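Topology and contacts: notes
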Amino acid sequence: WKKKDTKYIEELLKTLSLWDKKNNTLRELSGGMKRRLLIAKALSHNPQIIFLDEPSASVDVELRKDMWNIIKELKSKGVTIILTTHYIEEAEEIADRIGIINNGQLIKVDKKDELIKEMGQKKLIIDLHDKIEQIPKSLDKYKLILDSQLDKIIYLYNVKDENLGITSLLQLLKDNRIKIKDIKTEQSSLESIFINLVKESENEYTGG
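None of these values were measured; they are calculated from a predicted model.

Criteria and thresholds
Residues numbered from 1 in each chain as written. Predicted model: local features only at pLDDT ≥ 70, side-chain atom pairs only at ≥ 80, totals over all residues. Heavy atoms only, no water. Helix = DSSP H or I, 4+ residues; strand = E, 2+ residues; numbered from the N terminus. Rg over C-alpha atoms; globule rule 2.2 N^0.38 Å. Contact = heavy atoms within 4.5 Å. Areas by Shrake-Rupley, 256 points an atom, 1.4 Å probe, with all protein chains shown as cover. Lys, Arg positive; Asp, Glu negative; His and termini not counted. Charge placed at Lys NZ, Arg CZ, Asp CG, Glu CD. Pairing = 2+ DSSP bridges. Polar contact = N/O pair within 3.5 Å; in protein donor to acceptor, adjacent residues only side chain to side chain.

1. Regarding the overall build of the chain
Each helix and strand in the chain was counted, giving seven helices and eight strands. In summary, the chain has a C-alpha radius of gyration of 24 Å against a globular reference of 17 Å for 208 residues, an excess of more than 25%. Expressed as lengths along the three principal axes of its C-alpha atoms, the size of the chain is roughly 75 × 40 × 30 Å. When contacts within the chain are restricted to residue pairs at least 6 apart in sequence, those whose partners lie at least 24 apart make up 63%. Within the structure as shown, the chain displays about 14600 Å² of accessible surface, and the carbon and sulfur contribution to it stands at 49%. Charge-centre separation for the chain: the mean point of 36 positive side chains lies 4 Å from the mean point of 35 negative side chains.

Written out as structure tokens, the structure is:
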């Protein structure tokens, strides 16, 4: 049992834009305001563990922003938040530990950083100074992707792979007189990891 904390309730209602509605009845509130009220009710006792089931489903952008600001603040105070969501970008932003479920089966559980390190891919994007028609045969082992329209070569590699051979790749490009204008890398998102894990799980289930 917790003592009444009027200041906390006031701050919560103000954060959820409900303070000016505090004297309204439930019937007088719009659908969005009722959703805000349900969130306020769940957070009113300043819980140490919160279960959120699809909290962003069918809510407006403003409410989603307000709600996540509160959740991030609670997390910073050490509150444990258990979240189920189809919005992978939300899980990637807030979660420390991820569990992936497919067809009712928990197929992977790990710390977010470890999951990305183990399952993630990086993309090395090489902008070319001049357009080329095809990738030289001497570079076949890298399985490069040529985007001839954008004058780019793309190299996909696993984050955990210690033998990336990027230095050798760049040297081979130079040996083949392929001039490089710029190089950048992109990290695969949690969403792409989720999709790959689900595909693997379904292949195992169907024997494919």
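Structure shown, so let's carry the discussion forward.
2. Brief notes about the pairing of strand β5 (residues 121-128)
Relative to strand β7 (residues 152-158), β5 is paired through seven bridges, and the arrangement is antiparallel. By the bridge assignment for β7, K123 is matched with L156. Pairing geometry for β5 and strand β8 (residues 180-187), over seven bridges, is antiparallel. If you follow L128 over to β8, its bridge partner there is I180.

3. Focus: the side chain of E54
In this fold, E54 is placed in the loop between β1 (49-53) and α3 (61-76). One polar contact links E54 to H86, side chain to side chain, over a distance of 2.5 Å. Excluding anything up to four places from it in sequence, E54 contacts R35, T84, T85 and H86.

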